[in-house]
Amino acid sequence: MLDHLDDPSLTVASTATALGLSRRSLDRAFAEAGQSASRTLWALRLERCRRDLVVDPRAGISQIAFRWGFSDAAHFSRAFRAAFGESPSAYRAARVG
């Protein structure tokens, strides 16, 4: 997943296929570790967005969201707020001088 995180077509199903597993087998493997494959993919993408908001301050927020596989800026903003407790713009403003 990490190697292809910036591929917008990356899904849990495509990851399973690349690993030679069924979607269910991959989900089961993540469940045994107390995780969800789709939630893990979601969290990894959000973390990359959070990092890029500070590391790449000239990039637009939508551009960063699209870079990491989010296809809707409003949806990304809501997901970011739910995960980190503030909007992407507020997060960036508080950390970039």
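Structure shown above.
On a predicted model such as this, the values are computed, not experimentally measured, just so you know.

(A) Examining the overall build of the protein more closely. Assigned secondary structure in the protein consists of six helices and zero strands. Listing the helices and strands of the protein from first to last along the sequence gives α-α-α-α-α-α. Once the C-alpha set of the protein is aligned to its principal axes, its extents read approximately 45 × 25 × 20 Å. Taking all 97 residues of the protein together, 28% fall into the buried category.

(B) Expanded view of the side chain of Asp-52. One can find Asp-52 in helix α3 (residues 37-55). When its relative accessible area of 5% is taken as the criterion, Asp-52 is described as buried. Beyond its immediate chain neighbours, meaning those up to four positions away, Asp-52 contacts Pro-57, Ile-64, Arg-67, Trp-68 and Arg-92.

(C) Structural view of the nonpolar core. Counting 15 residues, the largest nonpolar core has Leu-46, Cys-49, Ile-64, Phe-70, Phe-76 and Phe-80 as its most contacted members. For this core, the secondary-structure elements that each account for two or more residues are α3, α4 (61-67) and α5 (73-84). The residues contacting Phe-70, other than those within four sequence positions of it, are Trp-42, Arg-45, Leu-46, Cys-49, Ala-65 and Phe-76. Counting residues in hydrophobic clusters, the runner-up holds five residues, among them Val-12, Ala-16, Phe-30 and Ala-37.

(D) Representation of the environment of Ser-71 within the structure. Structurally, Ser-71 is set in the loop between α4 and α5. A C-alpha to C-alpha distance of 8.2 Å links Ser-71 and Pro-8, two positions 63 residues apart in sequence.

(E) Seen up close, the pattern of salt bridges. One pass over the structure, following the stated rule, counts six salt bridges. With a shortest N-O distance of 3.0 Å, Arg-51 and Asp-52 are connected by a salt bridge. Looking at Arg-51, the relative accessible area reads 40%, which means it is partly exposed. Of the charged contacts in the structure, one is a salt bridge between Arg-95 and Glu-86, with a shortest N-O distance of 3.2 Å. A network of salt bridges, in which partner residues are shared, links Arg-51, Asp-52, Asp-56 and Arg-67.

Conventions we followed
Residues numbered from 1 in each chain as written. Predicted model: local features only at pLDDT ≥ 70, side-chain atom pairs only at ≥ 80, totals over all residues. Heavy atoms only, no water. Helix = DSSP H or I, 4+ residues; strand = E, 2+ residues; numbered from the N terminus. Buried < 20%, exposed > 50% of the residue type's maximum accessible area, 1.4 Å probe, protein only. Contact = heavy atoms within 4.5 Å. Core = buried A, V, L, I, M, F, W, Y, C linked by side-chain atoms within 4.5 Å. Salt bridge = Lys/Arg side-chain N within 4 Å of Asp/Glu carboxyl O.

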